[in-house]
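Chain by chain, the residues run as shown.
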Amino acid sequence: MKVYNTLSGQKEEFLPQGDEVKMYVCGVTPYDDCHIGHAMSYIVFDVITRYLKFRGYKVKYVQNITDIDDKIIDRANKLGISASELAGKFTDSYFDDMDTLNIERADIYPRATEEIPKIIEVIQGLIDKGYAYAAQGSVYFRVNSVSDYGKLSHRSLEAMMSACNIEMGRQKEYPMDFALWKAAKPGEPSWESPWGQGRPGWHIECSAMSLKYLGDTLDIHGGGQDLVFPHHENEIVQSESFTGAKPFAKYWLHNGLVQLGEDKMSKSTGKLITIKEALGKYSPDAIRIFILSSHYRSPLTYSEEALEAAESGADRLTQAISRHDHTGGKGEALDAEPYRKQFIEAMDDDFNNAQALAVLFDLAREINQAGDAGTSIDKAQSTLLSLAREVLGLKLPETRTVRTVSVGGGAVKISGRLSVRRIIPDTVSARVNRLVEERVNCRKEKNWQRSDEIRKRLAELGVILEDTKAGTDVTYKRVPSEESLENLMKELRIDS
Ligand SMILES: [Zn+2]
């Protein structure tokens, strides 16, 4: 297995220290709902973890939660609630999103506010060894005390200096020195320390937590490419200076960032789509397929078209898996082994998820062709299903809800693109059914204009009507709000 290591800038043979792969991935700062950029990072590392397990490794996966930070304090103050209340709320929201996206939980989620003693121990150790100094209640890392600062981002100190906004702060010895401990400001949450009341800086948390839960040397350290500098660069100098063990992490893996138009999707650019918004329109499988359709290190551009394409991709895989094998297992069978090999080859080559996904689409196509030709497909279907589920974390096909109810003599089929968690509320289906009934009556009266109007307006809300011999098929591409249906009925003068 080969992995691309940011530290060396090359693909390297993957040789963990033992049978258990020690993996640390930087977690969230819970001050708002997560966006698709977060989904990308956690889906990528979910697939990497799943693949390592598939290849027989044990994995110990730690992901931190930065539950104290300037952004949390600012937002909590604006909302008039405590920082811990705000962080608690958005930590719950984060787990909710991760569960819906079928992301397996890490083994440990340490929270910064619960790890203060370990953080203080590491800071004190750095001071004792001359790598850090206290000044007016804060503590700073002395970047000139190490010779290899910048080795991860491959930049010189001067280049790094011009790349970031440095707060000069009169108490710092050197502009690039960064805070390990921040002296408390009035009204902020703070903890007791040898340097007075204060709170930890962001970078030191990750060093302290990874040391505590995974030891001096990690096998894999992951995160988004935007964390390479300064965050991961700082983690390296903190951890290596404290333990004396190099390297702090054998393999540094960084995922590409999600773009919205020209810009990186982030809170700071104001251009973002939250995971919850996306889940309102697309299935979890579609979101995973969208993210896995490009190599994990490449940038990915979010667009409705790309998500629609991913949704039909999910449909294609589901169809291939759901086909009935008419042969009863007799006669010639489709051999899926070459596809399984190609899938493993792709994933062994720096987790080439895009290539692996493409192999599954090829297999789905071949299953359909073989099924049409009367070849036995059930073994190939299980291969497709197990790779899609076990490694790529797709839920196929349970994410679809199909149910048939009767309206006005015609069959109303409710199908497609709905996760189990998103069952259509009765209040919504009752209104849709009422609109369908009205349309059936219009057609009986040959009022084609009104009948077309109802169909068009429902389509705008994501509800597709198709006329068949049996009646009208209703497909929910998404679930419209009760209010939007209520408004539509008012406008068309239809009683509920
Ligand atoms: Zn981190």
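Bear in mind that the values here come from a model prediction, so they are computed numbers and not experimental data. (Residues numbered from 1 in each chain as written. Predicted model: local features only at pLDDT ≥ 70, side-chain atom pairs only at ≥ 80, totals over all residues. Heavy atoms only, no water.)

### Overview of the overall build of the chain
Next, step 1: Looking only at helices and strands, one finds 16 helices and 17 strands in the chain.
Next, step 2: In the chain, buried positions account for 53% of the 496 residues.
Next, step 3: In the chain, 72% of the contacts between residues at least 6 apart in sequence involve partners at least 24 apart.
Next, step 4: Put simply, the chain shows about 21800 Å² of open surface, and 47% of that area lies on carbon and sulfur atoms.
Next, step 5: Placing the 64 positive and 74 negative side-chain charges of the chain at their respective mean positions leaves the two points 3 Å apart. (Helix = DSSP H or I, 4+ residues; strand = E, 2+ residues; numbered from the N terminus. Buried < 20%, exposed > 50% of the residue type's maximum accessible area, 1.4 Å probe, protein only. Contact = heavy atoms within 4.5 Å. Areas by Shrake-Rupley, 256 points an atom, 1.4 Å probe, with all protein chains shown as cover. Lys, Arg positive; Asp, Glu negative; His and termini not counted. Charge placed at Lys NZ, Arg CZ, Asp CG, Glu CD.)

### Remarks on the pattern of salt bridges
Pairing between side chains of opposite charge can happen when their charged atoms approach one another.
Next, step 1: Per the stated rule, a full pass over the model turns up 34 salt bridges.
Next, step 2: The shortest N-O distance in the salt bridge between K118 and E121 comes to 3.3 Å. Taken together, the residues K118 and E121, both in helix α4 (residues 116–128) and three residues apart, mark about one turn of the helix.
Next, step 3: Among the residues examined, K118 registers a relative accessible area of 18% and is labelled buried.
Next, step 4: A salt bridge links E240 to K151; the shortest N-O distance between them is 2.9 Å. Here E240, found in helix α7 (residues 228–243), pairs with K151, found in the loop between β6 (138–141) and α5 (157–163); they are 89 residues apart in sequence, far enough to count as distant.
Next, step 5: On the basis of relative accessible area, E240 is assigned to the buried category, the value being 7%. (Salt bridge = Lys/Arg side-chain N within 4 Å of Asp/Glu carboxyl O.)

### A few points about the coordination of the zinc ion
Next, step 1: Within the protein, C26 (SG), C206 (SG), H231 (NE2) and E235 (OE) serve as the donor atoms for the zinc ion, at 2.0 to 2.4 Å.
Next, step 2: Considering all four donor atoms around the zinc ion, the spread of angles at the metal, 79 to 134 degrees, places the coordination shape in the irregular class.
Next, step 3: The class of H231 is buried, set by a relative accessible area of 1%. (Donors = N, O, S within 2.8 Å, 3.2 Å for Na, K, Ca; no water. Tetrahedral: all angles 85-135°; square planar, octahedral: opposite > 155°, others 65-115°.)

### Looking at the sheet that holds strand β11 (residues 258–260)
Next, step 1: Across the sheet, which stays open at both edges, the three strands sit in the order β12-β11-β13 with mixed pairing between neighbours. The sheet is open, and its two borders are formed by β12 (263–264) and β13 (300–301), each paired with just one other strand.
Next, step 2: Two elements, β11 and β12, share two bridges in a ladder whose sense is antiparallel. In the strand pairing of β12, Q259 is matched with K264. (Pairing = 2+ DSSP bridges.)

### Quick notes on the nonpolar core
Next, step 1: Counting 83 residues, the largest nonpolar core has Y302 and F351 as its most contacted members.
Next, step 2: No other element matches the 12 residues that helix α1 (residues 36–54) contributes to this core.
Next, step 3: The next biggest cluster of nonpolar side chains, apart from the first, holds 25 residues, and it includes L157, A208, V237 and F242. (Core = buried A, V, L, I, M, F, W, Y, C linked by side-chain atoms within 4.5 Å.)

### Describing the sheet that holds strand β8 (residues 198–200)
Next, step 1: The four strands lie next to each other as β5-β6-β7-β8, forming an open sheet whose pairing is antiparallel. The outermost strands of the open sheet, each flanked by one partner alone, are β5 (132–135) and β8. The sheet shows a mean angle of 20 degrees between the axes of neighbouring strands, direction not considered.
Next, step 2: Relative to β6, β5 runs antiparallel, the two being bridged by four bridges. Opposite A135, over in β6, you have S138 as the bridge partner.
Next, step 3: Running at roughly 125 degrees to strand β7 (residues 178–183), α4 makes contact with β5, β6, β7 and β8 of the sheet.
Next, step 4: Here α7 sits on the sheet and contacts β6 and β7; the angle it forms with β7, its principal contact strand, is near 80 degrees. (Axes fitted to C-alpha atoms, helices over the stretch in contact; angles between N-to-C directions.)

### Structural notes on the packing of α4 against helix α6 (residues 202–214)
Next, step 1: The interhelical angle for the contact between α4 and α6, taken along N-to-C directions, is 105 degrees, at an axis separation of 9 Å. Considering the angle they form, α4 stands roughly perpendicular to α6. Counting all contacts with α4, which are made through K118, I119, V122, I123 and L126, the residues of α6 involved are I204, E205, A208, L211 and K212. (Parallel < 35°, antiparallel > 145°, perpendicular 65-115°, else oblique.)

### Some points on the side chain of N255
Next, step 1: With respect to the helices, strands and loops of the structure, N255 is situated in strand β10 (residues 249–255).
Next, step 2: Judged by relative accessible area, N255 falls into the buried class, the value being 2%.
Next, step 3: Here G224 takes part through its backbone nitrogen, which lies 3.4 Å from a polar atom of the side chain of N255.
Next, step 4: Those residues in contact with N255 that lie beyond four places of it in its chain are M40, S41, V44, F45, G223, G224, Q225 and Y296. (Polar contact = N/O pair within 3.5 Å; in protein donor to acceptor, adjacent residues only side chain to side chain.)

### Details of the confidence of the model for the chain
Next, step 1: Predicted confidence across the chain gives a mean pLDDT of 90, with 92% of residues reaching 70 or more.
Next, step 2: Low confidence marks residues 398–406, where pLDDT is under 50. Its contacts with residues over four positions away, or in another chain, come to 35 contacts.
Next, step 3: Note that pLDDT drops below 50 for residues 415–422; the model gives that stretch 30 contacts with residues more than four away or on any other chain. (pLDDT = per-residue confidence, 0-100.)

### Section: the environment of Y4
Next, step 1: In this fold, Y4 is placed in strand β1 (residues 2–5).
Next, step 2: Separated by 345 residues in sequence, Y4 and D349 have C-alpha atoms that sit 8.8 Å apart.

### A short note on helix α16 (residues 482–491)
Next, step 1: Here α16 has its buried residues at L485, L488 and M489. Around the axis of α16, the buried residues are gathered within 100 degrees of arc, so they sit on the same side. Those residues of α16 that are exposed and angled more than 90 degrees off the buried face are E483 and K490.
Next, step 2: Count one or two residues on from α16 and you reach R493, which has phi positive near 55 degrees. (Arc of directions from axis to C-beta.)

### Details of the pairing of β10
Next, step 1: Within β10, six of the seven residues are buried, leaving the element largely enclosed by the surrounding structure.
Next, step 2: The sheet contact formed by strand β9 (residues 218–224) and β10 spans six bridges and is parallel. Bridge assignment links L218 to a residue of β10, and that residue is A249.
Next, step 3: You can see the chain leave β9, run along α7 and come back into β10, and the turn it takes is right-handed. (Right-handed = clockwise from strand over helix to strand, strands pointing away.)

### Section: the packing of aromatic side chains
Next, step 1: Scanning all chains against the criterion turns up 15 aromatic pairs.
Next, step 2: Between Y149 and F178, the aromatic rings sit 6.4 Å apart at their centres with planes inclined by 25 degrees, giving stacked as the arrangement. Taken together, the positions of Y149 in the loop between β6 and α5 and F178 in strand β7 put the pair 29 residues apart, joining distant regions of the chain. Summarising the burial analysis for this pair, Y149 and F178 share the class buried.
Next, step 3: Over the aromatic face of F242 sits the side chain of K129, whose NZ or CZ is 5.6 Å from the ring centroid.
Next, step 4: A cation sits over an aromatic face here: R297 above Y4, 4.0 Å from the ring centre. (Phe/Tyr/Trp six-rings, centres within 6.5 Å; stacked < 30°, edge-to-face > 60°. Lys NZ or Arg CZ within 6 Å of the ring centre and 35° of its normal.)

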